[in-house]
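# What the coordinates show
Read off the chains here:
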Amino acid sequence: SCYFCATHNIWRRLWRPRSMRQVLGEVRNLYDRGVRTLNILDDSFNIQENRVRQFCFGILDAGMRLEISARSGLRPSHLSFDTLKLMRRAGFKDIWFGIESGNQRVLDNVIRKETGLLEVRQVLADCRAAGIRAGGYFVIGLPGERTGEMWDTITFAAEYCDRVRLYTCQPFPGSDLYADAVKNNWLVPGFNPSEALIFGSKTYLRTPEFDPLEVSIVAEAGKRLLKKRRKLDQR
């Protein structure tokens, strides 16, 4: 239900877990072939915390010594400190969270993400205490967001995350945001969806709160700050 997300065009709004026995069997197969590094790309890896624990216990019980990353944008609200410690024992070295904004009003009223920033701060601190590096995905330039709130996001990311990816909001067709952009005439003239690159600093929205140039200026300044603090991960 995220405002700017369009992945439901591909996956629909379904969660289809495979059997953990099958998943662990595939990991074992890779391990036997010499693989020692795993990157989990499951879009909803921790939608069920118990499933994460089953995965970790399976790795440990099999005696596999792995270095694991989870870069899919995990949910901060679905990981306890005990689970994070278990993940570290199983070989997790870094995990990334889809935090999106460092301003609570934007999270609640714009993105519609059920995330509390106090809870986010706690899970980021728990990651450090467990020995896991914590990264965060953030986006600025959302319709309804003010320039000061964009800076709230950058400040939050710089203070609490070990690594950061800072994106500019892009109006992907199929998202609720895109529908609103068309309805309210927010798209810049000549907008081509194929140009909407999340890693860049350009945006193609002009709203009552900002114009595209303002967002680009904030994005570039934010990336410079994060790079100076050695936290920017813009790959």
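How each quantity is defined
- By convention here, each chain's residues receive numbers from 1 onward along its written sequence.
- Whole-chain, interface and lining totals are the exception, using all residues; otherwise, since this is a predicted model, local features are given only for residues with pLDDT of at least 70 and side-chain atom pairs are given and counted only at 80 or more.
- Hydrogens and waters are ignored; side-chain quantities use all the structure's heavy atoms.
- Each residue is placed in one exposure class: buried if its accessible area under a 1.4 Å probe, protein chains only, is under 20% of its type's maximum, exposed if it is over 50%, and partly exposed if it falls in between.
- Per the convention used, a helix needs a DSSP run of H or I reaching at least four residues, while a strand needs a run of E reaching at least two, with both numbered from the N terminus.
- As used here, the arc is the angular range of directions from the helix axis to the C-beta atoms.
- Two residues form a contact once any of their heavy atoms are found within 4.5 Å.
- Counted as a polar contact is a pair of N or O atoms within 3.5 Å, where, for protein atoms, one must be capable of donating a hydrogen and the other of accepting one, and residues adjacent in sequence contribute only when both atoms are in side chains.
- Salt bridges are defined as contacts in which a side-chain nitrogen from Lys or Arg sits within 4 Å of a carboxyl oxygen from Asp or Glu.
- Values of pLDDT, which run from 0 to 100, indicate the predictor's confidence residue by residue.
- The criterion for strand pairing is that DSSP finds at least two bridges linking the strands in question.
- With its strands directed away from the observer, a crossover is right-handed exactly when the path from the first strand over the helix to the second travels clockwise.

Moving on to helix H5 (residues 104-111). Side chains that are three or four residues apart share a direction in an α-helix, a result of its 3.6 residues per turn. Listed in full, the buried residues belonging to H5 are Val106, Leu107, Val110 and Ile111. Along the long axis of H5, the arc covered by the buried residues comes to 115°, so they all point the same way. Tucked inside the fold, the buried residues of H5 contact strand S3 (92-100), helix H6 (117-130) and helix H7 (147-160). The backbone nitrogen of Arg105 has a side-chain oxygen 3.0 Å away, supplied by the residue at the start of H5, namely Asn103. Immediately downstream of H5, the backbone of Arg112 shows phi near 65°, a positive value.

Before going further, it helps to examine the pattern of salt bridges. A side chain with one charge can pair with a side chain of the opposite charge if their charged atoms come near. As enumerated under the stated definition, the model contains 14 salt bridges in all. Between Lys85 and Asp82 there is a salt bridge, and its shortest N-O distance comes to 3.6 Å. Here Lys85 and its partner Asp82 are both found in helix H4 (residues 81-90), three residues apart, which amounts to about one turn of the helix. Of the residues examined, Lys85 reaches a relative accessible area of 37% and is grouped as partly exposed. Its salt-bridge partner being Arg105, residue Glu149 comes within 2.7 Å of it at the nearest N-O pair. Linking Glu149 in helix H7 with Arg105 in helix H5, this pair joins segments that are 44 residues apart in sequence. For Arg105, a relative accessible area of 28% corresponds to the partly exposed category.

This paragraph deals with the confidence of the model for the chain. Looking at the chain as a whole, its pLDDT mean stands at 93, while 100% of the residues score no less than 70. When pLDDT is averaged over each helix and strand of the chain, the minimum, 79, is found for helix H1 (residues 8-11) and the maximum, 98, for H4.

Burial along strand S1 (residues 37-40) is one-sided: the face carrying Leu38 and Ile40 is buried and the face carrying Thr37 and Asn39 is not. The pairing of S1 with strand S2 (residues 67-74) spans four bridges and is classified as parallel. Along S2, the bridge assignment pairs Ile40 with Ala70. Handedness of the S1-helix H3 (residues 49-61)-S2 crossover: right-handed.

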